[in-house]
Amino acid sequence: MIYLDNSASTKPRKEVIDTLIQTMEEEYANPDAIHDFSYKILLKIKKAKKIVADYLKVEAERIFFTAGGGDGNNLLLQGIINVNSRMRKHLITTKIEHPSVYEVFKHYENIGFEVDYLNVDKDGFVNLEELKDIIREDTAIVSVGAVNSETGAIQDLRKISEIIKGKNKNTYFHTDFVQGLGCTNIKFDKIPVDAITISGHKIYAPKGIGAIYVNKGVKLTNVIYGSNAENGIVKRTMPTELILAFAKAVEILAKEEKKEMKHSQKLKEMLANKISEEIEDIKFNSSLDPEKSSPKVLNVSFNRTKGEVLTHFLGMYQIYVSTGSACSSKKGNSRILEVMGLNQSELDGAIRFSFSKNNTTKEIGEVVERLKESVQKIRKMK
């Protein structure tokens with residue numbers, strides 16, 4: 001099996017699985033209880049917050065654990081928009097956001113808020129001049145994802161932050177950083193943001209766990225109600241085993257990040273070069289520049305094919321890729337690639353390859369051989 005769908009989800013590290021199992025066996029008390037057993041668990045959760053915060057370069061006390069990226073985006077965006085809803089009804093996001101962001105803004109637009117959706121250029125980068133022009137006195141929040149899940153495009157968060165705060169210091173800036181973990185050199189001690197979302201299963205941790213960062217000055221209402229005090233904004237019993245497993249994944253990532261990014265970039269360039277040499281009539285929708293695009297993602301359009309058909313052909317060889325974000329890949333044309341201006345043939349034939357520490361150069365050679373065979377067969381069928 002060759003798994004090249006790591007932007008959708010990764011295989012958990014052995015150390016992470018061991019932490020998960022050990023915690024389930026030994027740290028099973030509810031951390032909200034008042035006895036010493038629970039208090040010791042609570043201390044470990046506090047340590048987990050510090051591990052995550054140290055990686056992001058933010059304050060540990062402003063980290064809150066969630067059920068994942070979609071959960072975190074909804075908690076942050078709805079909480080911030082709701083608390084500002086009386087006086088600030090203008091919202092800004094982009095046309096290429098993940099559904100867990102994009103659909104939140106669509107919801108508020110449907111109930112009477114004014115929403116501006118920023119355009120992107122042919123390479124998937126946000127139009128910064130447009131952003132500068134549309135921020136207003138009543139703009140409550142701007143949400144821009146750091147790394148696009150389908151193309152890997154890395155947005156200039158520093159410049160975006162400068163524009164937002166330069167135009168209106170009271171406008172909050174949120175970034176969905178789910179695809180940014182382990183794929184960029186971005187740290188938030190140098191880039192002022194008000195809210196950040198991250199998720200575990202993109203960095204070799206289990207599904208169902210993530211975290212949000214909320215700047216101390218940010219006002220937001222609770223979206224989930226309950227009595228949990230330690231996790232503050234997310235008022236539900238904390239899943240100790242998932243939290244500690246996630247923290248273990250972040251701890252390892254902090255040490256291995258540069259090496260693993262270099263490895264993914266090598267595979268990405270190798271795959272791109274071999275595809276260029278072996279298959280004609282293609283278009284790359286991801287940059288090969290690691291400063292502009294995640295080393296983990298390579299999006300390619302194979303003209304005169306159907307991405308879904310090509311995915312199934314490769315699947316017969318146990319090669320697993322995708323046609324885009326797992327959260328939107330069953331909904332026809334990619335909204336992201338459409339906004340980038342791809343024509344219908346390019347949209348139809350788009351495939352996303354996404355790499356991990358587990359992939360090898362030998363696998364890349366096998367993928368290209370099977371890819372070449374499959375593309376030829378599909379084109380002959382038309």
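Computed from a predicted model, the values in this text were never measured in an experiment. (Residues numbered from 1 in each chain as written. Predicted model: local features only at pLDDT ≥ 70, side-chain atom pairs only at ≥ 80, totals over all residues. Heavy atoms only, no water.)

Moving on: the overall build of the protein. A tally of helices and strands in the protein yields 11 helices and 12 strands. Expected size for 382 residues packed as a compact globule is a radius of gyration near 21 Å; at 21 Å, the protein falls within 12% of this value. Projected onto its principal axes, the C-alpha positions of the protein cover 65 × 50 × 35 Å. Restricting to contacts in the protein with at least 6 residues of sequence separation, those with at least 24 account for 73%. Carbon together with sulfur atoms contributes 50% to the accessible area of the protein, which is approximately 16900 Å² in total. Averaging the coordinates of the 57 positive side-chain charges in the protein and doing the same for the 51 negative ones gives two points 2 Å apart. (Helix = DSSP H or I, 4+ residues; strand = E, 2+ residues; numbered from the N terminus. Rg over C-alpha atoms; globule rule 2.2 N^0.38 Å. Contact = heavy atoms within 4.5 Å. Areas by Shrake-Rupley, 256 points an atom, 1.4 Å probe, with all protein chains shown as cover. Lys, Arg positive; Asp, Glu negative; His and termini not counted. Charge placed at Lys NZ, Arg CZ, Asp CG, Glu CD.)

Moving on: the pairing of strand 8 (residues 210–214). By the criterion of burial, strand 8 is predominantly enclosed, with 5 of the 5 residues buried. Every second residue of strand 8 is oriented toward a common face, with Gly 210, Ile 212 and Val 214 on one face and Ala 211 and Tyr 213 on the other, all of them buried. Inspection of the sheet shows strand 2 (residues 63–66) paired to strand 8 by 4 bridges, in the antiparallel sense. Counted as the bridge partner of Phe 65 is Ala 211 from strand 8. Where strand 7 (residues 195–199) meets strand 8, 5 bridges bridge the pair, whose relative direction is antiparallel. Residue Ile 196 lies in a different strand from strand 8, and its bridge partner there is Tyr 213. (Buried < 20%, exposed > 50% of the residue type's maximum accessible area, 1.4 Å probe, protein only. Pairing = 2+ DSSP bridges.)

The next subject is the domain arrangement of the protein. Each assigned domain of the protein is listed here: domain 1 (2–9 + 257–381) and domain 2 (14–252). Put simply, the middle of domain 1 and the middle of domain 2, counted by C-alpha atoms, are 28 Å apart. In this complex, domain 1 contributes 31 residues to the contact, which on the side of domain 2 involves 31 residues. Both sides together, the interface formed by domain 1 and domain 2 hides about 2600 Å², and carbon and sulfur atoms give 50% of it. A per-residue breakdown of the area domain 1 buries against domain 2 is headed by Glu 257, Arg 335 and Met 340, which together make up 24% of the total. Residues Lys 187 and Glu 257 are paired through a salt bridge, measuring 3.6 Å at the closest nitrogen-oxygen approach. Summed over the shared surface of domain 1 and domain 2, the result is 20 residue pairs in polar contact (both at pLDDT 80 or more). Listed by contribution, the elements that provide at least two residues to the side of domain 1 that touches domain 2 are helix 7 (240–278), strand 10 (297–302) and helix 9 (335–339). Considering each element in turn, the side of domain 1 that touches domain 2 owes the most residues, 4 residues, to helix 9. Of the residues that constitute the side of domain 1 that touches domain 2, the class distribution is 10 nonpolar, 13 polar and 8 charged. (Domains from an automatic or database assignment. Buried area = accessible area lost by both parts, 1.4 Å probe. Salt bridge = Lys/Arg side-chain N within 4 Å of Asp/Glu carboxyl O. Polar contact = N/O pair within 3.5 Å; in protein donor to acceptor, adjacent residues only side chain to side chain. Nonpolar A, V, L, I, M, F, W, Y, C, P; charged D, E, K, R; others polar.)

This paragraph deals with the pattern of salt bridges. Taken as a whole, this structure holds 20 salt bridges when the rule is applied. Here Asp 348 and Lys 306 are joined by a salt bridge, their closest N and O atoms 3.3 Å apart. Taken together, the positions of Asp 348 in helix 10 (residues 344–348) and Lys 306 in the loop between strand 10 and helix 8 (307–315) put the pair 42 residues apart, joining distant regions of the chain. For Lys 306, a relative accessible area of 40% puts it in the partly exposed group. Of the charged contacts, one joins Arg 370 and Glu 366 as a salt bridge, the two residues approaching to 3.1 Å between their closest N and O atoms. Within this pair, Arg 370 and its partner Glu 366 are both found in helix 11 (residues 361–381), separated by 4 residues, close to a single helical turn. A single network of salt bridges, built from pairs that share partners, joins Glu 114, Arg 136 and Asp 138.

A word on the packing of helix 3 (residues 69–83) against helix 4 (residues 99–110). The contact between helix 3 and helix 4 brings their axes to 9 Å, and the two run at 30°. One way to sum up the angle between helix 3 and helix 4 is to call them roughly parallel. Between helix 3 and helix 4 lies a crossing whose hand is right-handed. Here Gly 69, Gly 70, Asn 73, Asn 74, Leu 77, Gln 78, Ile 81 and Asn 82 of helix 3 come into contact with helix 4, specifically with Ser 100, Val 101, Val 104, Phe 105 and Tyr 108. Partitioning the contact of helix 3 with helix 4 into residue classes produces 6 nonpolar, 7 polar and no charged. (Axes fitted to C-alpha atoms, helices over the stretch in contact; angles between N-to-C directions. Parallel < 35°, antiparallel > 145°, perpendicular 65-115°, else oblique. Left-handed = near helix turned anticlockwise from the far one by under 90°.)

The next subject is the sheet that holds strand 9 (residues 282–284). Pairing between the strands of a sheet comes from backbone hydrogen bonds, and it takes one of two forms, parallel or antiparallel. One open sheet accounts for 3 strands, arranged 9-10-12; its pairing is antiparallel. Only two strands of the sheet have a single partner each, and these edge strands are strand 9 and strand 12 (350–354). Averaged over all pairs of adjacent strands, the angle between strand axes in this sheet comes to 25°, irrespective of strand direction. One ladder, built from 3 bridges, connects strand 9 with strand 10; its direction is antiparallel. Within strand 10, the position partnered with Lys 283 by the bridge is Ser 301. Of the strands in this sheet, strand 9, strand 10 and strand 12 are in contact with helix 7, which crosses strand 10 at around 15°.

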